[in-house]
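Residue-level listing of the chains:
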Amino acid sequence: MDVRERVGWNVRRLRVERGMSQDHLAYAADIERAYVGYLERGKRNATISTLEKVAIVLGHDVSELFAIPPKDAEPIAPLNPGRRKG
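Residues numbered from 1 in each chain as written. Predicted model: local features only at pLDDT ≥ 70, side-chain atom pairs only at ≥ 80, totals over all residues. Heavy atoms only, no water.

Examining the environment of Asn10
Under the convention used in this document: Labels follow the DSSP assignment, with helices taken as runs of H or I lasting at least four residues and strands as runs of E lasting at least two, numbered in each case from the N terminus. We call two residues in contact whenever any of their non-hydrogen atoms come within 4.5 Å of each other. Pairs of N or O atoms are called polar contacts if they sit within 3.5 Å, as long as, within protein, a hydrogen donor faces a hydrogen acceptor (for residues adjacent in sequence, only side-chain-to-side-chain pairs).
Take Asn10: it is sitting in helix α1 (residues 3-17). Note: C-alpha distance between Asn10 and Ile76 (66 residues apart in sequence) is 9.3 Å. Setting aside residues no more than four positions away along its own chain, Asn10 makes contact with Glu64, Leu65, Phe66 and Ala67. Among the polar contacts listed, one links the side chain of Asn10 to the backbone oxygen of Arg6, at a separation of 3.0 Å.

And the structure:
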């Protein structure tokens, strides 16, 4: 897993733990919703400023986005469809 995939895994993990949609995260962090999807899939190199905004919205320090997932980590399951509290 490269660093972009690691950051993406952690963004998704923290977002799902909070029950937050990609839309809500994007709106609260003032970034495009599609960009959140790219980040979570490890397809974009985010700036430090963007990562900081995302971490603040998720209620964590930016360093948490770089945490190494456990070796036996499963993919993060999506939230149930429908309206989500944010």
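Description of the packing of helix α2 (residues 22-29) against helix α4 (residues 48-58)
Using the following cut-off: All axes are obtained by fitting lines to C-alpha atoms, using only the stretch in contact for helices, and the reported angles, taken between N-to-C directions, cover 0 to 180 degrees. Each helix crossing is assigned a hand: it is left-handed if the near helix lies turned anticlockwise from the far helix by less than a right angle, otherwise right-handed if that turn is clockwise. Ten residues, namely Ala, Val, Leu, Ile, Met, Phe, Trp, Tyr, Cys and Pro, are considered nonpolar, four, namely Asp, Glu, Lys and Arg, are considered charged, and the remaining ones, Gly among them, are considered polar.
Interaxial distance between α2 and α4 falls to 9 Å at its minimum, and their mutual angle equals 115°. In terms of crossing hand, the pair formed by α2 and α4 is right-handed. Each of Leu25, Ala28 and Ala29 in α2 lies in contact with α4, whose residues at this interface are Lys53, Val54, Val57 and Leu58. Residues that form the contact of α2 with α4 fall into these classes: six nonpolar, no polar and one charged.

Comments concerning the side chain of Gln22
Applied cut-off: The cut-offs for exposure are 20% and 50% of the maximum accessible area for each residue type, with area from a 1.4 Å probe on protein chains only; residues under the lower value are buried, those over the upper are exposed, and the others partly exposed.
Looking at the element boundaries, Gln22 is found in helix α2. Taking the relative accessible area as the measure of exposure, Gln22 reaches 17% and is therefore buried. One polar contact links Gln22 to Arg33, side chain to side chain, over a distance of 2.3 Å.

Looking at the nonpolar core
Quick reminder of the rule: We define a nonpolar core as any set of buried Ala, Val, Leu, Ile, Met, Phe, Trp, Tyr and Cys residues linked to one another through side-chain atoms lying within 4.5 Å.
Core analysis: the biggest nonpolar cluster contains 15 residues, and Val11, Leu25, Ile31, Val54, Leu58 and Leu65 have the highest contact counts within it. Every element with two or more residues in this core is listed here: α1, α2 and α4. Among all residues touching Val54, those that are not within four sequence positions of it are Val11, Leu25, Ala29 and Ile31.

Quick look at unusual backbone geometry
Even without being a glycine, Asp30 presents a positive backbone phi close to 60°. Mapping Asp30 onto the fold places it in the loop between α2 and α3 (33-40). With a relative accessible area of 64%, Asp30 lands in the exposed category.

Topic: the side chain of Glu40
Structurally, Glu40 can be placed in helix α3. Given a relative accessible area of 10%, Glu40 falls into the buried group. A distance of 2.9 Å separates the side chain of Glu40 from the side chain of Gln22, its partner in a polar contact.

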